[in-house]
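One letter stands for each residue in the lines below.
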Amino acid sequence: MKSQIESRAVSLLRASRAMVRRAGSMAGQTAPPMGSVRFGSLRRTTPIAGSFGYGRGGTRIGRHYVNQFIQAHATDIKGRVLEIGDNHVTKAFGGDHVTQSDVLHAEAGNPLATVVGDLATGEGVPVGVYDCIVLTQVVQCVYDIRAAIKHTCAALKPGGVVLMTTLGLGQISRYDADRWGDYWRLSAQAAERLFGEHWPDEAVEVQTYGNVLAATAFMHGLSLEELTQEEINYHDPDYPIIVAVRAQRPVDS
Ligand SMILES: C[S@@+](CC[C@H](N)C(=O)[O-])C[C@H]1O[C@@H](n2cnc3c(N)ncnc32)[C@H](O)[C@@H]1O
């Protein structure tokens, strides 16, 4: 009992010190005075380019970060690989290292699909067979996100890897919302806990991509080409456009 009270007191002390530090650093910020900000082209209540800027011809900022993450883990895309909806990531990044490329679709009728399976219910999703699952930009579309992650983890072989990306910030995708749904924007903390329900901490790596400028541009459907490399690469963990997870099923599980 005493140790419980002591540890609670220590965490309260830590939390209050963190608040003091944060207040101090905010006070030190040189934010321009109220009323002096020039909004320029951003003074509008509708996006500059709707639908994530499709049709403008540039590279989508969200997809750029997804590709950056996948490129960094391309060596995981090998053996029997599952991707959702189509297999463009498997083909582009796995190449000859892929021995079998499966495409999962929740409903029959997708000509690219080799597996009809629902990640929310687990129905039709193979168990324990994949070396790699490419789960890019899917889980925000599944209302029962915990079940989707559970069935993804179960579909991997021991030692298999899931590469997941999803939105941390961003507009609703009307296309997705009208078909299967667009339910969630995830934090890094949530992603860590969702995978942590299945595997130990060391099996789960979470990364985020983005910053306030990239997020503003992304919200307006602006393109990668409209920012500098330095601007796009600046990482601010409090503005995660993309939350990405590499999680590996322990070999002894
Ligand atoms: C935004 S798309 C992403 C497609 C692709 N993976 C990509 O990186 O662009 C969302 C995908 O989630 C799939 N999806 C939605 N709900 C699902 C479910 N319950 N089970 C399996 N797939 C689902 C949709 O069919 C769609 O292919």
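In the block above lies the structure referred to throughout.
Bear in mind that the values here come from a model prediction, so they are computed numbers and not experimental data. Think of each chain on its own: its residues are numbered from 1, step by step along the sequence as written. Reporting of local features is limited, given that this is a predicted model, to residues whose pLDDT is at least 70; pairs of side-chain atoms are given and counted only at 80 or more, and all residues count toward the totals for whole chains, interfaces and linings.

**Student:** Please give an account of the sheet that holds strand S4 (residues 130–136) that cites residues and values.
**Tutor:** Pairing between strands is defined by DSSP: at least two bridges between the two strands are required. Secondary structure is summarised from DSSP: a helix means a run of H or I of at least four residues, a strand means a run of E of at least two, and numbering begins at the N terminus for each. A sheet is described by the order of its strands in space; here 7 strands give the open sequence S3-S2-S1-S4-S5-S7-S6, paired in mixed fashion. If you trace the sheet from one side to the other, it starts and ends with strand S3 (115–116) and strand S6 (204–209), each paired once. Two strands pair when backbone bridges link them, and S6 and strand S7 (residues 242–248) are joined in this way by 6 bridges, in the antiparallel orientation. Residue pairing across strands places Glu205 opposite Arg246, the latter belonging to S7. Throughout, a residue-residue contact means that the two C-beta atoms, derived from backbone geometry, are no farther apart than 7 Å. To obtain an axis, a line is fitted to C-alpha atoms, over the contacting stretch when the element is a helix, and the angle between two such axes runs from 0 to 180 degrees between their N-to-C directions. On top of the sheet, helix H2 (residues 61–72) reaches S4, strand S5 (156–167), S6 and S7; it is set at about 20° to S7, its chief contact.

**Student:** Which residues make up the nonpolar core, and what values go with them?
**Tutor:** Each nonpolar core reported here comprises buried Ala, Val, Leu, Ile, Met, Phe, Trp, Tyr and Cys residues connected via C-beta atoms within 7 Å. Every C-beta atom is placed from the backbone, and the number of other C-beta atoms within 10 Å of a residue's own sets its class: buried at 20 or more, exposed at 12 or fewer, partly exposed in between. Ranked by internal contacts, the top residues of the largest apolar core, which has 55 residues, are Ile133, Leu135, Val162, Ile241 and Ile242. The greatest single-element share of this core, amounting to 6 residues, is contributed by S5. If near-sequence neighbours (up to four positions away) are discounted, Leu135 is found in contact with Ile84, Thr152, Val162, Leu163 and Met164.

**Student:** Can you break down the environment of Tyr130 residue by residue, with the values?
**Tutor:** Mapped onto the fold, Tyr130 is located in strand S4. Residue classification places Tyr130 among the buried positions, given that 23 C-beta atoms sit within 10 Å. Linking Tyr130 and Ala154, residues 24 residues apart in sequence, is a C-alpha distance of 9.4 Å. Apart from residues no more than four positions distant in its own chain, Tyr130 is found in contact with Arg80, Val81, Leu82, Ala155, Leu156, Lys157 and Gly160.

**Student:** Tell me about the site of the ligand, residues and numbers included.
**Tutor:** To decide whether a residue is near a molecule or strand, its C-beta atom is placed from the backbone and checked for lying within 6 Å of it. Close contacts around the ligand come from 14 residues, with Gly85, Ala106, Leu119, Thr136 and Trp180 the closest. Grouping the constituent residues of the shell around the ligand by class yields 8 nonpolar, 4 polar and 2 charged. Note that Gly is not counted as nonpolar here; it falls among the polar residues with everything else outside the nonpolar set of Ala, Val, Leu, Ile, Met, Phe, Trp, Tyr, Cys and Pro and the charged set of Asp, Glu, Lys and Arg.

**Student:** Could you give an account of the pairing of S4, with specific residues and numbers?
**Tutor:** Successive side chains on a regular strand alternate, one facing one side of the sheet and the next facing the other. Here S4 lies mainly inside the structure; 7 of its 7 residues are buried. Sheet analysis places S4 next to S5, joined by 6 bridges and oriented parallel. Looking across to S5, one finds that Leu135 is bridged to Met164. When the strands point away from the viewer and the path from the first strand over the helix to the second turns clockwise, the crossover is right-handed. Once you follow S4 into helix H4 (residues 145–155) and on to S5, the crossover reads as right-handed.

In short, shape yes, function no, at least from these values alone.
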